[in-house]
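Listed below, chain by chain, are the residues.
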Amino acid sequence: MDGVIADFMAEYRPLQAQHRTVDWTEADKRLFATAVEGGIFSRLPKMADANVLLEGLERFKKEYDLEVQVLTSVGTDNAERGAMAASQKRAWLIEHGIDYKPNFVTRKKEKSLYATRDSILIDDSWGCIDPFHNAGGVVIHHKSATETLIQLDKKLRLLKYETAWLTNRFIV
């Protein structure tokens, strides 16, 4: 979600500059906690090309009979703050008319728990991509909606071909 359809850094970068934190130090972790408590996820702008991606997903959803879901990290092991972040992200999805089922994990690497040979993760963070791929999932490193949709179409065609081949292979 963050970095793909919601622009987390547009809201967070100014906070980092204001508090002079630039990396994931203890000070930045405290700033993140304060940001969550202040409702940061509910006020994120959409990524500039989010609508292009969402429209493409809808096309592919129909063409390939897909189930599209949102897999997002709340960025904290703190249960109370995690619940706040999840609630804010749910509200953001509703506000922007995105009705895909949301799935929440506490940390990026936990997205790998959703990896299967026919699940595709679209993400901008290698901290999510590498564990998901290593767990057997299909990945797309998101840089732009157009590039992601091109990659997604290729991967969906390949998965469709592999599925048809496996199905046909075992018919006697």
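For the structure itself, look to the data block above.
Now for a quick tour of the structure. (Residues numbered from 1 in each chain as written. Predicted model: local features only at pLDDT ≥ 70, side-chain atom pairs only at ≥ 80, totals over all residues. Heavy atoms only, no water.)

## Let's talk about the overall build of the protein chain
Let me state the cut-off plainly: Under the DSSP-based scheme used, a helix requires at least four consecutive residues in state H or I and a strand at least two consecutive residues in state E, with every element numbered from the N terminus. Partly exposed residues are those whose accessible area sits between 20% and 50% of the maximum for their type, while under 20% is buried and over 50% is exposed, using a 1.4 Å probe and protein chains only. We call two residues in contact whenever any of their non-hydrogen atoms come within 4.5 Å of each other. Computed by Shrake-Rupley with a 1.4 Å probe, the accessible areas treat only the displayed protein chains as cover when residues are assessed.
Within the protein chain one finds six helices and four strands. Put simply, the protein chain runs from its N terminus to its C terminus through helices and strands in the order α-α-α-β-α-β-β-α-β-α. Here the protein chain holds 172 residues, and the buried ones make up 41% of them. Counted over contacts in the protein chain with a minimum sequence separation of 6, partners at least 24 positions apart contribute 60%. Carbon and sulfur atoms make up 54% of the accessible area of the protein chain, which amounts to about 10,100 Å² in all.

## Some words on the pairing of strand E4 (residues 138-141)
What counts, and what does not: Strand pairing requires that DSSP identify at least two bridges connecting the strands.
With four bridges joining them, strand E3 (residues 120-123) and E4 adopt parallel strand pairing. Paired with Asp123 across the bridge in E4 is His141.

## A closer look at the packing of aromatic side chains
Inclusion rule: Two rings belonging to Phe, Tyr or Trp (six-membered ring only in the last case) form a pair when the distance between their centres is within 6.5 Å. Interplanar angles under 30 degrees mark stacking, angles over 60 mark edge-to-face geometry, and anything in between is tilted. Throughout this description, the term charge over a ring refers to an Arg CZ or Lys NZ atom that lies within 6 Å of the ring centre and within 35 degrees of the ring normal.
One pass over the structure, following the stated rule, counts six aromatic pairs. Between Phe8 and Tyr12 the ring centres are 4.9 Å apart and the planes differ by 25°, which places this aromatic pair in the stacked class. Pair noted here: Phe8 and Tyr12 are both in helix H1 (residues 8-19), with a separation of four residues, about one helical turn. Judged by its relative accessible area of 14%, Phe8 is buried. According to the relative accessible area criterion, Tyr12 is buried, its value standing at 2%. Among the aromatic side chains, those forming a connected cluster through ring pairs are Phe8, Tyr12, Phe32 and Phe41. The ring of Phe60 is capped by Arg59, whose NZ or CZ atom sits 5.8 Å from the centre of that ring. Above the face of the Phe41 ring, Lys89 is positioned so that its terminal group lies 4.5 Å from the ring centre.

## A few points about the nonpolar core
Basically, it comes down to this: Side-chain atoms within 4.5 Å are what join buried Ala, Val, Leu, Ile, Met, Phe, Trp, Tyr and Cys residues into a set we call a nonpolar core.
Ile5, Tyr12, Ile40, Phe41, Leu57 and Trp92 are the most contacted members of the largest nonpolar core, which totals 35 residues. Where this core is concerned, the elements lending two or more residues are H1, helix H2 (26-37), helix H3 (50-64), helix H4 (79-95) and helix H6 (145-169). Here this core takes six residues from H3, the largest share from any one element. Counting residues in each nonpolar core, the second largest holds eight residues, with Leu71, Leu121, Cys128 and Phe132 among its members.

## Description of the side chain of Lys89
This is how the line gets drawn: By the criterion applied in these results, polar contacts are pairs of N or O atoms within 3.5 Å in which, for protein atoms, one can donate a hydrogen and the other can accept it, and in which residues neighboring in sequence qualify only through two side-chain atoms.
The topology assignment puts Lys89 in helix H4. Engagement of the side chain of Lys89 in a polar contact is seen with the side chain of Asp2, the distance being 2.6 Å. Among residues more than four places away in sequence, those in contact with Lys89 are Met1, Asp2, Phe41, Thr72, Ser73 and Phe104.

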